[in-house]
Amino acid sequence: MAGNPERRAALVDAGIEVLAREGARGLTFRAVDAEAGVPVGTASNYFTARDDLLRQIDDRLHLRLAPDPDVLDELMKAPKDRALVVALMHDLINRVTRDRTGYLALLELRLEATRRPGLRESYTKSVRGDLEDGMRFHREAGLPGGDETVAVLYLAMLGLIIEHLTLPGVLEGVLPGVEVPEGLLERIVRVVVPED
């Protein structure tokens, strides 16, 4: 197995591009090689099998889509109230919008996990870990609401993000005068997160 970490990272990022554009069926080593601009056969030297590539894509995407620590530190200087939750959700929307390809690849991973038990196990673990980290962050930061608030907010934001990135026309004008996604995001937080 080849050990150049920069090349491996470039191949994983190329895999993300292919997965987002072509879906799981189009994610072949040959397609990854072409996307990365490397000789045919390179990806097969870095990944033991397609499942190995998928697991590494999952790991990489969670890093790519994670909050920027500097942005988070700045946001957390604000009072720990509903307005801060709105600001945190705006940061989330901004991150997934900036890395639309990455988030679409995550959605493709979610679908592929329904067909591959090994991927389902690892992907479930990583997504569940993110949810539990969010709950822990919310509690430790002293934000309003508890674990139930975070779980419902997670589900509502997941729906908003999926619609915004895949079928944005579904939400346009659904609530007259409410911007998508920003205005809907604020409505979600207002409904889900307690005021105090």
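Provided above is the structure to which this section pertains.
Remember, it's a predicted structure, so these values are computed and weren't measured experimentally.

1. Topic: the packing of helix H1 (residues 5-22) against helix H2 (residues 29-36)
For step 1, the next point in the chain: Two elements in contact, H1 and H2, have axes separated by 8 Å at closest approach and are oriented at 110 degrees. Between H1 and H2, the angle is such that the two are roughly perpendicular. In terms of crossing hand, the pair formed by H1 and H2 is right-handed. Touching Ala10, Leu11, Ala14, Gly15, Glu17, Val18 and Arg21 of H1 are Ala31, Val32, Asp33, Glu35 and Ala36, all from H2.
For step 2, the next point in the chain: Its residues assigned to classes, the contact of H1 with H2 shows 7 nonpolar, 1 polar and 4 charged.

2. Concerning the nonpolar core
For step 1, the next point in the chain: Counting residues in each nonpolar core, the largest one holds 55 residues, and the members touching the most others are Ile57, Tyr103, Leu109 and Leu153.
For step 2, the next point in the chain: When contributions to this core are tallied by element, the ones reaching two or more residues are H1, helix H3 (42-46), helix H4 (50-64), helix H6 (82-98), helix H7 (100-113), helix H8 (117-141), helix H9 (147-166) and helix H10 (182-192).

3. Section: the packing of H6 against H9
Each pair of packed helices can be described by the angle between their axes along with the distance between the axes.
For step 1, the next point in the chain: Running from N to C, H6 and H9 cross one another at 35 degrees; their axes reach a closest spacing of 11 Å. In the crossing of H6 with H9, the sense of the turn from one axis to the other is right-handed. On the side of H6, the interface is formed by Val85, Met89, Leu92, Ile93, Val96 and Thr97, while H9 contributes Leu153, Met157, Leu160, Ile161, His164 and Leu165.

4. Brief notes about unusual backbone geometry
For step 1, the next point in the chain: Here the residue pair Val180 and Pro181 is connected by a cis peptide bond, since its omega of 5 degrees sits within 30 degrees of zero.
For step 2, the next point in the chain: Residue placement: Pro181 occurs in the loop between H9 and H10.

5. Section: the side chain of Asp33
For step 1, the next point in the chain: With respect to the secondary-structure elements, Asp33 resides in helix H2.
For step 2, the next point in the chain: Although Asp33 is buried, it makes no salt bridge; Arg30 carries the closest opposite charge, 7.1 Å away.
For step 3, the next point in the chain: Of note is the side chain of Asp33, whose polar atom sits 3.4 Å from the backbone nitrogen of Thr42.
For step 4, the next point in the chain: With residues up to four places along the chain from it excluded, the contact list for Asp33 reads Leu11, Val38, Pro39, Val40, Gly41, Thr42 and Ala43.

6. Thoughts on H8
For step 1, the next point in the chain: Relative to the 36 Å expected for 25 residues at 1.5 Å per residue, H8 spans 36 Å between its end C-alpha atoms, a close match to the ideal helical length.
For step 2, the next point in the chain: Within the span of H8, buried status applies to Leu119, Tyr123, Ser126, Val127, Leu131, Met135, His138 and Ala141.
For step 3, the next point in the chain: Where H8 is buried, its residues meet H4, H6, H7 and H9.
For step 4, the next point in the chain: Looking one or two residues past H8, Gly142 carries a phi angle of roughly 75 degrees, positive in sign.

7. Considering the packing of aromatic side chains
For step 1, the next point in the chain: As enumerated under the stated definition, the model contains 1 aromatic pair in all.
For step 2, the next point in the chain: When the centroid spacing of 6.3 Å and the interplanar angle of 35 degrees are considered together, the rings of Phe29 and Phe47 count as tilted. One end of the pair, Phe29, is in helix H2; the other, Phe47, is in the loop between H3 and H4, with 18 residues separating them in the sequence.
For step 3, the next point in the chain: Lying over the aromatic face of Phe47, Arg8 brings its terminal NZ or CZ to 5.6 Å of the ring centre.

Reading the values: the criteria
- Residues numbered from 1 in each chain as written.
- Predicted model: local features only at pLDDT ≥ 70, side-chain atom pairs only at ≥ 80, totals over all residues.
- Heavy atoms only, no water.
- Axes fitted to C-alpha atoms, helices over the stretch in contact; angles between N-to-C directions.
- Helix = DSSP H or I, 4+ residues; strand = E, 2+ residues; numbered from the N terminus.
- Parallel < 35°, antiparallel > 145°, perpendicular 65-115°, else oblique.
- Left-handed = near helix turned anticlockwise from the far one by under 90°.
- Contact = heavy atoms within 4.5 Å.
- Nonpolar A, V, L, I, M, F, W, Y, C, P; charged D, E, K, R; others polar.
- Core = buried A, V, L, I, M, F, W, Y, C linked by side-chain atoms within 4.5 Å.
- Buried < 20%, exposed > 50% of the residue type's maximum accessible area, 1.4 Å probe, protein only.
- Lys, Arg positive; Asp, Glu negative; His and termini not counted.
- Salt bridge = Lys/Arg side-chain N within 4 Å of Asp/Glu carboxyl O.
- Polar contact = N/O pair within 3.5 Å; in protein donor to acceptor, adjacent residues only side chain to side chain.
- Expected span 1.5 Å × (residues − 1).
- Phe/Tyr/Trp six-rings, centres within 6.5 Å; stacked < 30°, edge-to-face > 60°.
- Lys NZ or Arg CZ within 6 Å of the ring centre and 35° of its normal.

Remember that the coordinates give geometry; whether it matters functionally is a separate question.
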